[in-house]
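Descriptive analysis of the structure
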Amino acid sequence: MDNTGRVATGDAATRPADGGSTGSTDQAIAGVEEQFTRLFNQVGMAMRDRASHIHPDLQPGGYKLLSTIVRSGPIHAGDLAAMLYTDKSVISRQVRILEDMGFVERQTDPTDRRASFLAATPEAIDKVNEVRAADQANLYRSLRRWGEEDVRRLAELLERLNEVAR
């Protein structure tokens, strides 16, 4: 049974906490859930493609970490873990792989010589920026077809969604 069917039958996962009735709003929410599933699947495929453009052995998680380092600039591993909502051990493992590929290097923190920053190499920065430029061009090309008002509305709705997701 798809999510729409679950909503229609009043599945416990979709029943309102206040005991209210489900209705057309819940049907619409099920549609949003379905679209998120499709979007997340597309994002997953895109992450694999982006990673493979950087290096054939780079995994999507490694690409996410690398692109974050490129975007943020040199960063401590703990700060990177917090930014990506992941465990520091995951960061350590991925950083070792990225170092072996020549995409990340450690730089001594001048304020605390015991600590180090993770920094993207010039090659990594160039490759990530190339992939990003292609993605950005596709996004702009696609959303320009929508018209300004629709794009502004999308931005507003995404902002509201981000506030709810906190």
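Look up: the structure comes first, before these words.
Presented here is a report on the structure given in the accompanying data block. Residue numbers restart at each chain and count upward from 1, following the sequence in its written direction. Two thresholds apply to this predicted model, a pLDDT of at least 70 for residue-level local features and 80 or more for giving and counting side-chain atom pairs, whereas whole-chain, interface and lining totals are computed over all residues. The basis for the side-chain values is all heavy atoms of the structure; hydrogens and waters are excluded.

**So, the nonpolar core**
Counting residues in hydrophobic clusters, the biggest one holds 25 residues, and the most contacted among them are Leu66 and Ile91. Each helix is a run of H or I in the DSSP string that is no shorter than four residues. Each strand is a run of E no shorter than two, and both are numbered from the N terminus. Of all the elements in the fold, those that place two or more residues in this core are α2 (24–54), α3 (60–72), α4 (77–83), α5 (88–101), β2 (112–120) and α6 (122–144). When residues in this core are grouped by element, the largest group, 5 residues, is from α3. Contacts between residues were defined by any pair of non-hydrogen atoms, one from each residue, lying within 4.5 Å. When residues no more than four places from it in sequence are discounted, the contact partners of Leu66 are Ile54, Leu98, Phe103, Val104, Ala120, Ala124 and Val128. Put simply, a nonpolar core is a bunch of buried Ala, Val, Leu, Ile, Met, Phe, Trp, Tyr and Cys residues held in one set by side-chain atoms that sit within 4.5 Å of each other. Relative accessible area decides the class of each residue, using a 1.4 Å probe on protein chains only: under 20% of the type maximum gives buried, over 50% gives exposed, and in between gives partly exposed.

**Details of α3**
Every α-helix winds through 3.6 residues per turn, so residues three or four apart in the chain are directed the same way. Taking 1.5 Å of rise per residue, the 13 residues of α3 would be expected to cover 18 Å, and the 18 Å separating its terminal C-alpha atoms lies within 8% of that figure. Restricting attention to buried positions, one finds in α3 the residues Gly62, Tyr63, Leu65, Leu66, Ser67, Thr68, Ile69 and Val70. Where the residues of α3 are buried, they touch α2, α4, α5, β1 (104–109), β2 and α6. Looking one or two residues beyond α3, the residue adopting positive phi is Gly73, at roughly 85°. The span you would expect from a helix comes to 1.5 Å times its residue count less one.

**Quick notes on the packing of α2 against α3**
In this analysis an axis means a line fitted to C-alpha atoms, helices contributing only their contacting stretch, and an angle means the value between N-to-C directions, from 0 to 180 degrees. Where α2 contacts α3, the two axes come as close as 8 Å, and the packing angle between them is 75°. Taken together, the axes of α2 and α3 lie roughly perpendicular to each other. Where α2 abuts α3, its residues Met47, Arg48, Arg50, Ala51 and Ile54 lie against Pro60, Tyr63, Lys64 and Leu66. Following the grouping adopted for this structure description, the nonpolar residues are Ala, Val, Leu, Ile, Met, Phe, Trp, Tyr, Cys and Pro, the charged ones are Asp, Glu, Lys and Arg, and the polar ones are all others, Gly among them. Split by residue class, the contact of α2 with α3 holds 6 nonpolar, no polar and 3 charged. Angular relationships are summarised with four words: roughly parallel below 35 degrees, roughly antiparallel beyond 145, roughly perpendicular across 65 to 115, and oblique for the angles in between.

**Structural notes on the packing of aromatic side chains**
A pair of aromatic rings is counted whenever rings of Phe, Tyr or Trp (Trp by its six-membered ring) have centres within 6.5 Å, and the orientation is called stacked for planes under 30 degrees apart, edge-to-face for over 60 and tilted otherwise. Taken as a whole and judged by the stated rule, the model has 1 aromatic pair. Judged by centre distance (5.6 Å) and plane angle (20°), the rings of Phe36 and Phe40 are stacked. Highlighted residues: Phe36 and Phe40, both in helix α2, separated by 4 residues, approximately one helical turn. Judged by its relative accessible area of 55%, Phe40 falls in the exposed class.

The values are spatial; any link to function lies outside them.
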